[in-house]
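Each chain is listed here by its residues.
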Amino acid sequence: MSLLDRRPGLLVLVDPSRTPPAEAQRVAREARAAGAAGLLIGSSFDGTRDTQLVARAIRQAVPGFPVALFPGSAMQLTDDVDLVLFLSLVSGRNAQYLIEEHVRAVPFLKRHPVPTLSTGYILIDGGRVTSVEAVSQTRPLPADKPELVAAHATAARLIGMRAIYLEAGSGALRPVPADVIRACRDAVAGLPLFVGGGIRRPAQAQAARAAGADFVVIGTAIEAAESELAAFVRAVGDPGITQ
Ligand code: 1GP
């Protein structure tokens, strides 16, 4: 079953710049055993080699389990994944992350025809400067302006993008607020909606799902072993329960 067919669900982000291959394999096995929908591999700041090594190691550890690349740049492309999130950072006005990295990806994608998912990537203020903001040199959208965020999601849909990713940034102090998620859910009904950044507790994952996220993404919480992965999976699987 492909990743998109597994929605709604929890996605576990493995950051190759912080996670050696053996550790990535452990996380991947745990994610599959706990009932996560799949894995994302990516980093705001990483060269080619680590991403490829981690992607390959994960493939070997959990064959058949959906893995998508969540690339910080065209340098991170690998074909050891099922899907590449072809992210355009539409909240920013930096042409490099709107279109330039995409053009740079073309020679690789011609040689290795990995499926891509055109995704409007929207950075939202999470209370601190995160790597996405620093590396992309773009400002996040304010977290208290749901209509502004939804306008960006709508514009991405009208351009023809096929998914939306709401990002507070890894390690954000505050995850994307529920009213922002809800506004975007309404704006792009039917499109896959990813939400991540700063989700540290199962109750926050549950709130994101209840507000309309199809995929809730966690990274730091698992690296820091703050809560059991299974508790996050349960929270996303049943938005009605309270944790
Ligand atoms: C994925 O950047 C997030 O969208 C991951 O954020 O590390 O804070 O879970 P955390």
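As a reminder, the structure under discussion sits directly above these lines.
A brief report on the enclosed structure follows. (Residues numbered from 1 in each chain as written. Predicted model: local features only at pLDDT ≥ 70, side-chain atom pairs only at ≥ 80, totals over all residues. Heavy atoms only, no water.)

## Looking at the pattern of salt bridges
Reasoning step 1: What the rule picks out here adds up to 10 salt bridges.
Reasoning step 2: When the shortest N-O distance is used, the salt bridge between R26 and E23 registers 2.8 Å. Here R26 pairs with E23, and both are found in helix α1 (residues 21-34), just 3 residues apart, close to one helical turn.
Reasoning step 3: D82 serves as the salt-bridge partner of R59, at 3.1 Å between the closest nitrogen and oxygen. Of this pair, R59 sits in helix α2 (residues 48-61) while D82 sits in the loop between β3 (67-69) and β4 (83-89), and the two are 23 residues apart along the sequence.
Reasoning step 4: The exposure class assigned to R59 is partly exposed, which follows from its relative accessible area of 23%.
Reasoning step 5: Among the residues examined, D82 registers a relative accessible area of 35% and is labelled partly exposed.
Reasoning step 6: Each of D15, R18 and E223 takes part in salt bridges that share partners, so that together they form one network. (Salt bridge = Lys/Arg side-chain N within 4 Å of Asp/Glu carboxyl O. Helix = DSSP H or I, 4+ residues; strand = E, 2+ residues; numbered from the N terminus. Buried < 20%, exposed > 50% of the residue type's maximum accessible area, 1.4 Å probe, protein only.)

## Regarding the site of the ligand
Reasoning step 1: In the vicinity of the ligand, 13 residues are found, and the nearest of them are Y165, S170, G171, G219 and T220.
Reasoning step 2: Within the contact set of the ligand, an oxygen atom lies 2.8 Å away from a backbone nitrogen or oxygen of G198.
Reasoning step 3: Look at the ligand: alone it shows 310 Å² of surface, and the protein chains cover 99% of it.
Reasoning step 4: When residues of the shell around the ligand are traced back to their parent elements, those giving at least two are β6 (163-167) and β8 (215-218).
Reasoning step 5: Its residues placed into classes, the shell around the ligand shows 4 nonpolar, 8 polar and 1 charged. (Near = heavy atom within 4 Å. Polar contact = N/O pair within 3.5 Å; in protein donor to acceptor, adjacent residues only side chain to side chain. Areas by Shrake-Rupley, 256 points an atom, 1.4 Å probe, with all protein chains shown as cover. Nonpolar A, V, L, I, M, F, W, Y, C, P; charged D, E, K, R; others polar.)

## Some words on the side chain of S136
Reasoning step 1: By secondary structure assignment, the location of S136 is in helix α4 (residues 131-136).
Reasoning step 2: A polar side-chain atom of S136 sits 2.8 Å from a polar atom in the side chain of T138.
Reasoning step 3: Contacts of S136, omitting those with residues within four sequence positions, involve L89, N94, Y97 and S131. (Contact = heavy atoms within 4.5 Å.)

## Some details on the packing of aromatic side chains
Reasoning step 1: Tallied over the entire structure, the rule returns 5 aromatic pairs.
Reasoning step 2: Look at F70 and Y165: their rings are 4.8 Å apart centre to centre, the planes differ by 15 degrees, and that puts the pair in the stacked class. Taken together, the positions of F70 in the loop between β3 and β4 and Y165 in strand β6 put the pair 95 residues apart, joining distant regions of the chain. Across this residue pair, the class does not change: F70 and Y165 are buried.
Reasoning step 3: Seen in terms of ring centroids, Y121 and Y165 are 5.3 Å apart; in terms of plane orientation they differ by 85 degrees. Their pairing is edge-to-face. Pair noted here: Y121 is in strand β5 (residues 116-123) and Y165 is in strand β6, with a separation of 44 residues, a long-range link. Each member of the pair Y121 and Y165 is classed as buried. (Phe/Tyr/Trp six-rings, centres within 6.5 Å; stacked < 30°, edge-to-face > 60°.)

## What to know about the pairing of strand β1 (residues 9-14)
Reasoning step 1: Most of β1 sits inside the fold, with 6 of its 6 residues counted as buried.
Reasoning step 2: Residue alternation in β1 divides its side chains into two sets, G9, L11 and L13 and L10, V12 and V14, and both sets are buried.
Reasoning step 3: Direction of pairing for β1 relative to β8: parallel, over a ladder of 4 bridges. Residue pairing in the sheet places V12 in a bridge with I218 of β8.
Reasoning step 4: Regarding the hand of the β-α-β motif, the stretch spanning β1, α1 and strand β2 (residues 38-41) is right-handed. (Pairing = 2+ DSSP bridges. Right-handed = clockwise from strand over helix to strand, strands pointing away.)

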